[in-house]
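# Results of the structural survey
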Amino acid sequence: MLAGGAAQRLGGADKPGVRVGGRALLDRVLAACRGADRTVVVGDSRPTVHPVRWTREDPPGGGPLAALDAGVREIRAGAGAGQTGADVLLVLSADLPFLDEDTVHRLLGALADAPDAEAALLTDAGGRDQPLVAAYRATPLRRELARIAEERGTLAGGPLRQLTGALRLTRVAAGPLASFDCDTWEDIATARARIREHGTVLDEWITAVKDELGIELDVDTGVLLDLARDAAHGVARPAAPLTTFLVGYAAARAGSEGGPEAVAEAARKAAALAHRWAAEQDEAG
């Protein structure tokens, strides 16, 4: 993951640390590739919600080719004894607030389905290649980086098209927002406004809370919202948050083997109780 740019269009701000929806841009991108065997971030070290290895390009600020080479070298250095590193490398920039796991899986799947391809690149809505939202086969990637370094004498300042132009590519069309990157404060404002739209704000909030608390459990939010409604209407409004908390606590006591099913079962029991409680009130009325 490349996170060491100068961010000149942001006035030199620490772009990976800029927050969208309460989460640093870097952490948002890390969440999209949490299933990686190893993650290397090329940039200045900082706290992150997921564990990573850190490195810097030489010289710092040497551009995306130099940063990519530094990351590839660190991946190999972090491999176990006798290993050469991963066969496929996912390469991402750290300014993609809406990148998700589905897009990552589509890139990896496209490369797996095209055995002759050496890289799978995301293309944006205008059909433009996004070489920093891509999956690369490690061997040809290292080969071309070495070739460019030999031809130019350095990777610093080199354009990414020198790399992608020499590789056999397959392409994956981006979803509506997956390739949206934040280069300006206007982009940041647009991203912050988008996550607060009615159709997405709840999913964004739940994801942010799970990342903040280190939770990877996927649950049916509709079930919990229905439970909160039943508790609020059938018992009292303060019962809604307290009941959902107790459901979470009960699911946690069930242990890791319970998973989403434990949450669903605890919610079912609590909802049934809320309905019985409300029925008694109706009978009394």
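The structure presented is a predicted model; accordingly, all values stated were derived computationally and were not measured.

Attention shifts here to the packing of aromatic side chains. Evaluated as defined, the whole model comprises 2 aromatic pairs. Arranged with centres 5.9 Å apart and planes meeting at 55°, the rings of Phe98 and Phe180 form a pair that is tilted. In this pair, Phe98 sits in the loop between β5 (88–92) and α3 (101–112) while Phe180 sits in the loop between β8 (169–173) and α6 (185–194), placing the two residues 82 residues apart along the sequence. Relative to Tyr249, the ring of Phe245 lies with its centre 6.5 Å away and its plane at 25°, an arrangement referred to as stacked. Here Tyr249 and Phe245 lie together in helix α9 (residues 239–253), a separation of 4 residues that amounts to about one turn. Overall, the relative accessible area of 55% leaves Phe245 in the exposed class.

To continue, consider the sheet that holds strand β7 (residues 129–137). Across the sheet, which stays open at both edges, the 4 strands sit in the order β5-β7-β6-β8 with mixed pairing between neighbours. Each edge of the open sheet carries a strand with a single partner, namely β5 and β8. Direction aside, neighbouring strands of the sheet carry axes that sit 25° apart on average. The pairing of β5 with β7 spans 5 bridges and is antiparallel. Counted as the bridge partner of Val88 is Arg137 from β7.

Before going further, it helps to examine a nonpolar patch on the surface. Side chains of Val201, Leu202, Trp205 and Leu225 sit close together on the surface and give an oily, nonpolar patch of about 390 Å² of accessible area. Among the elements that make up the nonpolar patch, the one with the highest residue count is helix α7 (residues 201–213) (3 residues). Residue placement: Leu202 occurs in helix α7.

Moving on: the pairing of β8. Burial along β8 is one-sided: the face carrying Thr170 and Val172 is buried and the face carrying Leu169, Arg171 and Ala173 is not. With 5 bridges connecting them, strand β6 (residues 119–123) and β8 associate as parallel partners. Bridge pairing in β8 links Ala120 to Thr170.

Counting through the fold element by element, Val133 comes out in strand β7. For the pair formed by Val133 and Trp185, sequence separation is 52 residues and the distance between their alpha carbons is 21 Å. Each residue touching Val133, except ones within four places of it in the same chain, is listed here: Val91, Leu92, Leu96, Leu99, Leu107, Ala120, Leu121 and Leu122.

The amide bond that connects Asp58 to the next residue, Pro59, takes the cis arrangement and shows omega of 5°. Tracing the backbone through its elements, the reader meets Pro59 in the loop between β4 (53–55) and α2 (64–77).

What follows deals with the pairing of β6. Taken across its 5 residues, β6 has 5 buried, putting it largely inside the fold. Residues Ala119, Leu121 and Thr123 of β6 are buried on one face, and the alternating residues Ala120 and Leu122, pointing to the opposite face, are buried as well. Across 5 bridges, β6 lies against β7 in antiparallel orientation. The residue of β7 that forms the bridge with Ala119 is Tyr136. Turn length for the β6-β7 hairpin, with the two strands adjacent in sequence and antiparallel, is 5 residues, and the turn residue Gly127 shows positive phi of about 80°.

Let us now look at the packing of helix α8 (residues 221–234) against α9. In the contact formed by α8 and α9, the axes pass within 8 Å of each other and the chain directions differ by 135°. Taken together, the axes of α8 and α9 are oblique relative to one another. Along this stretch, α8 crosses α9, giving a crossing that reads as right-handed. Residues Leu224, Leu227, Ala228, Ala231 and Ala232 of α8 form the contact with α9, whose own contacting residues are Ala239, Ala240, Thr243, Thr244 and Val247. Of the residues belonging to the contact of α8 with α9, the class tally is 8 nonpolar, 2 polar and no charged.

Mapped onto the elements, Glu57 comes out in the loop between β4 and α2. Judged by its relative accessible area of 4%, Glu57 falls in the buried class. A distance of 3.1 Å separates polar atoms of two side chains, one belonging to Glu57 and the other to Arg56. Of note is the side chain of Glu57, whose polar atom sits 2.8 Å from the backbone nitrogen of Gly61. What Glu57 contacts, discounting residues up to four positions off in sequence, is Gly4, Val42, Gly62, Ala66, Ala67 and Ala70.

Cut-offs and rules
For every chain, the first residue of its written sequence is number 1, and the numbers climb from 1 along that sequence. Residues qualify for local features only when their pLDDT is at least 70, as the model is predicted, and side-chain atom pairs are given and counted only at 80 or more; totals for whole chains, interfaces and linings, by contrast, use all residues. The side-chain figures draw on all heavy atoms in the structure; neither hydrogens nor water molecules are used. To pair, rings of Phe, Tyr and Trp, with the six-membered ring standing in for Trp, must have centres within 6.5 Å; the planes then decide the type, stacked if under 30 degrees apart, edge-to-face if over 60, and tilted in the middle. A run of H or I in DSSP becomes a helix once it reaches four residues, and a run of E becomes a strand once it reaches two; helices and strands are each numbered from the N terminus. Per-residue accessibility, obtained with a 1.4 Å probe over protein chains only, is compared with the maximum for each type, and a residue is labelled buried under 20%, exposed over 50%, and partly exposed between these values. The rule for pairing is simple: two strands pair if DSSP sees at least two bridges between them. Lines are fitted to the C-alpha atoms to define the axes, a helix being fitted only along its stretch in contact, and any angle between axes, read from their N-to-C directions, falls within 0 to 180 degrees. Exposure above 30% relative accessible area and no salt bridge define the residues that can form patches, which grow by joining like charges within 9 Å and nonpolar side chains of Val, Leu, Ile, Met, Phe, Trp and Tyr within 5 Å. The method behind every accessible area is Shrake-Rupley, applied with a 1.4 Å probe, and residues are considered shielded solely by the protein chains displayed. Salt bridge criterion: a side-chain nitrogen from Lys or Arg within 4 Å of a carboxyl oxygen from Asp or Glu. Residue contacts are counted whenever heavy atoms from the two residues lie within 4.5 Å of one another. In what follows, roughly perpendicular refers to angles from 65 to 115 degrees, roughly parallel to angles under 35, roughly antiparallel to angles over 145, and oblique to any angle outside these ranges. Each crossing gets its hand from how the near helix is turned against the far one by less than a right angle, where anticlockwise is left-handed and clockwise is right-handed. Charged means Asp, Glu, Lys or Arg here, nonpolar means Ala, Val, Leu, Ile, Met, Phe, Trp, Tyr, Cys or Pro, and polar covers whatever is left, Gly included. We call two N or O atoms a polar contact when they sit within 3.5 Å, provided that within protein one can donate a hydrogen and the other can accept it, with sequence-adjacent residues counted only if both atoms are side-chain atoms.

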